[in-house]
Amino acid sequence: MAGPVQNIGLGRRKTSTARVYLRAGNGQVTINRRPYEMYFPLDWRRKIIFQPFEATGTTGQFDILVNVKGGGLTGQVEAIRLGVARALVDFNEDFKKPLRDAGLLTRDDRMVERKKYGRPKARKRFQFSKR
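In what follows, the accompanying structure is described.

Reading guide: rules and limits
Residues numbered from 1 in each chain as written. Predicted model: local features only at pLDDT ≥ 70, side-chain atom pairs only at ≥ 80, totals over all residues. Heavy atoms only, no water. Salt bridge = Lys/Arg side-chain N within 4 Å of Asp/Glu carboxyl O. Helix = DSSP H or I, 4+ residues; strand = E, 2+ residues; numbered from the N terminus. Buried < 20%, exposed > 50% of the residue type's maximum accessible area, 1.4 Å probe, protein only. Contact = heavy atoms within 4.5 Å.

### Topic: the pattern of salt bridges
- For the structure on display, the rule yields seven salt bridges.
- The salt bridge partner of Asp-108 is Arg-13, with a shortest N-O separation of 3.4 Å. Of this pair, Asp-108 sits in the segment after α5 (96-101) while Arg-13 sits in strand β1 (residues 6-13), placing them 95 residues apart in sequence.
- Overall, Asp-108 belongs to the partly exposed group, its relative accessible area being 23%.
- Residue classification places Arg-13 among the buried positions, given a relative accessible area of 7%.
- Salt-bridge contacts for Lys-97 lead to Asp-101; the nearest nitrogen and oxygen are separated by 3.0 Å. With Lys-97 and Asp-101 both in helix α5, this residue pair falls four residues apart, about one helical turn.
- On the basis of relative accessibility, which here comes to 56%, the residue Lys-97 falls in the exposed class.
- One salt-bridge network, in which partners are shared between bridges, spans Arg-13, Glu-78, Asp-108 and Arg-110.

### Here's the deal with the environment of Arg-19
- Following the sequence through the fold, Arg-19 ends up in strand β2 (residues 16-24).
- Distance from Arg-19 to Phe-91, taken between C-alpha atoms, is 15 Å for residues 72 residues apart in sequence.
- Leaving out residues up to four positions away in the same chain, Arg-19 has contacts with Gly-9, Leu-10, Leu-65, Val-66 and Asn-67.

Spelled out as structure tokens, the structure:
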């Protein structure tokens, strides 16, 4: 991707992976070549993307280009949030403290537990019968 200077951040959550490219702009967000309003129709998911900008006071100063794959919409939006936070730190190291204090640089490592043999699900057991 030749062109203006950009900062890159990688975010992951559950099985979602987001590659985030930040460049100076006016706050335009594109996710998988679609406007973010079309990709995330629910308002609460859209707000999550902008949390790193609110923590650093840089709302509307960057255009965001995101490639995201895997998982569901909530996992994807949280992966994007982590990627944006990491790209902001790549842009300016001084943003690390406010982002860390807001808990936006921590990778949420909770994953789905695997199914075990002899059980219907990961932890659920078949009904016990004494006789």
